[in-house]
Amino acid sequence: MAVSADDRHHARNDLAWAITVGGIGTVGFAALLLLTWYFAATLFLIFAGMLLGVALNATTNVLGRVVRLPHSLRLTMVCLVLAGLLSGVIFLGGATIAQQATALSDTIKSQLIGVKAFLDKNGIDTSAFGLGNPGAPAASSTPETPAAASAHNLPNAGALASSGGAIVSQTFKLLLGTVSAVGNFFILLFLGLAFAAQPGVYRKGLLYTVPARHRAGATIIVDRIGETLERWLIAQMITMAAVFFVTWIGLAIIGVQSSFILGIQAGLLTFIPTVGALVAGLIVVLASFASGWVAAASAFVLFLGIHALESYILTPMLQRQALEIPPATLFAFQILLGVVFGIWGLALALPLIAIAKVMIDYFKADENSA
């Protein structure tokens with residue numbers, strides 16, 4: 001059958017339009033990936049602020065079941081209670097925390113050096129660990145004359161200038177790191193408070209960016225994501241508090257030094273599933289070796305009990321309605337994001353995969369109903 005010139009012209013135009021749109025879409029997607037990669041730390045910081053806002057909003061909603069007050073007043077009450085708890089911990093236990101943190105750091109370093117010495121003694125190369133030589137440096141067998149020793153102890157002008165430049169450089173790096181950490185903390189705090197103060201405004205703004213024909217489905221997805229993250233964050237806060245108290249009290253009974261700071265780090269690391277529990281357990285066991293083998297063995301048994309409490313009691317009981325993600329899938333996703341994006345990706349892997357799961361479940365249900 002003969003094809004008219006107009007049909008061929010329209011077909012060519014359609015093909016050219018499809019190629020153009022596909023090319024623009026490919027370039028735009030590549031640019032979006034590059035932008036995400038380049039500003040990954042900033043995007044993760046914003047996402048962490050959103051999670052803080054969701055947590056504050058969830059706590060405010062829970063408080064609303066007890067007292068009938070406006071949202072702003074309930075949020076103020078929650079923030080005041082949290083600020084009071086944090087201030088109490090800092091003022092009442094600040095000195096204890098600082099002392100235990102210093103003692104814990106020295107203990108971990110000494111234990112790591114002991115492990116390195118044990119491995120070196122058994123012929124295992126540990127040069128990649130970067131822990132330094134635990135032994136004292138050997139003295140030189142050639143005696144030095146007083147004049148040579150005096151000349152050796154007096155650095156020249158170039159060495160003095162180099163040492164001064166290194167000190168200034170290290171001080172500047174430390175200052176920049178401190179300012180960056182404090183700045184990130186206040187950015188996180190501001191974003192969390194802003195999102196929690198007016199959640200409906202940001203929800204409407206997000207939905208307004210979606211085309212009108214897809215807005216109903218986007219509304220369902222956004223609401224489901226918000227409900228899932230709220231349930232998960234409440235369950236996670238309860239789990240973190242339980243792990244903190246059990247670890248602190250258990251280590252104090254065993255007689256392990258720095259039990260309070262070890263309980264704090266165990267509770268905080270519980271936010272990171274699987275990997276956080278392993279790291280917390282390793283730190284607890286290493287710190288317990290300073291109190292003897294019996295204390296270390298007791299701490300290891302305590303860690304196993306806390307891990308069983310978290311994995312088989314608290315998590316199934318608190319999060320059975322929040323998240324149902326296979327452990328292997330979660331662990332693989334954690335490793336992937338941890339390798340690519342560092343600590344940010346490792347810490348925020350679970351909420352990210354939870355968001356992806358909500359979207360996948362919605363589209364699968366939509367396909368099955370079609």
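Predicted, not measured: the structure shown is a model, and the values here were computed from it.

**Side note on a nonpolar patch on the surface**
Judged by side-chain polarity, L35, Y38, F39, L43, I46 and M50 come together as a nonpolar surface patch covering roughly 590 Å² of accessible area. When residues in the nonpolar patch are grouped by element, the largest group, three residues, is from helix α2 (residues 40-64). Take F39: it is sitting in the loop between α1 (5-38) and α2.

**Brief notes about the packing of helix α7 (residues 215-254) against helix α8 (residues 259-269)**
Contact pair α7 / α8: the axes reach a minimum separation of 8 Å and the direction vectors enclose 155°. Here α7 is positioned roughly antiparallel relative to α8, judged by the angle of their axes. As for how α7 packs across α8, the hand of that crossing is right-handed. Every residue of α8 that contacts α7 at M240, V243, F244, T247, W248, L251 and A252 is listed here: S259, F260, L262, G263, I264, A266, G267 and L268. Residues belonging to the contact of α7 with α8 are distributed by class as follows: eleven nonpolar, four polar and no charged.

**Comments concerning empty space enclosed by the protein**
Per the stated rule, a full pass over the model turns up two cavities of 30 Å³ or more. Approximately 130 Å³ is the volume attributed to the largest cavity. In terms of residues, the lining of the largest cavity owes the most to one element, helix α10 (residues 293-319), which gives six residues. In the lining of the largest cavity, the residues fall into ten nonpolar, five polar and one charged.

**Thoughts on the environment of V301**
With respect to the secondary-structure elements, V301 resides in helix α10. Overall, the relative accessible area of 57% leaves V301 in the exposed class.

**Describing the side chain of T247**
Note that T247 resides in helix α7. If we skip the residues at most four places from it in the chain, T247 touches L262, G263, A266, L302 and I306.

**Let's talk about the nonpolar core**
Formed by 22 residues in total, the largest nonpolar core has its most connected members in L51, I225, L229, L233, F271, L348 and L350. Broken down by secondary-structure element, the contributors of at least two residues to this core are α2, α7 and α13 (349-369). Per element, the largest residue contribution to this core is seven residues, and it comes from α2. Those residues within four positions of L348 in sequence are excluded, and the remaining contacts are F44, F47, A48, L51 and F271. Ranked by size, the runner-up nonpolar core spans twelve residues in total, among them V243, L262, A299 and I306.

**Side note on the confidence of the model for the chain**
Per-residue confidence for the chain gives a mean pLDDT of 76; residues scoring 70 or more make up 72%. Counted against residues more than four places away or in other chains, residues 132-142, with its pLDDT under 50, gives four contacts. A low-confidence stretch, residues 148-152 (pLDDT under 50), is modelled with one contact involving residues beyond four sequence positions or located in other chains.

**Quick look at the pattern of salt bridges**
For side chains bearing opposite charge, pairing can occur when the charged atoms are close. Inspection of the entire model under this criterion finds two salt bridges. For R203, the salt bridge identified is with D223, shortest N-O distance 2.8 Å. Highlighted residues: R203 in helix α6 (residues 199-208) and D223 in helix α7, separated in sequence by 20 residues. The closest approach of N and O atoms between D361 and K357, which form a salt bridge, is 2.9 Å. You can see D361 and its partner K357 sitting in helix α13, four residues apart, about one turn around the helix. Taking the relative accessible area as the measure of exposure, K357 reaches 28% and is therefore partly exposed.

Reading the values: the criteria
Residues numbered from 1 in each chain as written. Predicted model: local features only at pLDDT ≥ 70, side-chain atom pairs only at ≥ 80, totals over all residues. Heavy atoms only, no water. Patch = residues over 30% accessible without salt bridge, like charges linked within 9 Å, V, L, I, M, F, W, Y side chains within 5 Å. Areas by Shrake-Rupley, 256 points an atom, 1.4 Å probe, with all protein chains shown as cover. Salt bridge = Lys/Arg side-chain N within 4 Å of Asp/Glu carboxyl O. Helix = DSSP H or I, 4+ residues; strand = E, 2+ residues; numbered from the N terminus. Axes fitted to C-alpha atoms, helices over the stretch in contact; angles between N-to-C directions. Parallel < 35°, antiparallel > 145°, perpendicular 65-115°, else oblique. Left-handed = near helix turned anticlockwise from the far one by under 90°. Contact = heavy atoms within 4.5 Å. Nonpolar A, V, L, I, M, F, W, Y, C, P; charged D, E, K, R; others polar. 1 Å grid on protein atoms, 1.4 Å probe; cavity = no way out; pocket = protein on both sides within 12 Å on 5 of 7 lines; lining within 4 Å. Points joined across faces, edges and corners; volume = space filled by probe spheres on them. Buried < 20%, exposed > 50% of the residue type's maximum accessible area, 1.4 Å probe, protein only. Core = buried A, V, L, I, M, F, W, Y, C linked by side-chain atoms within 4.5 Å. pLDDT = per-residue confidence, 0-100.

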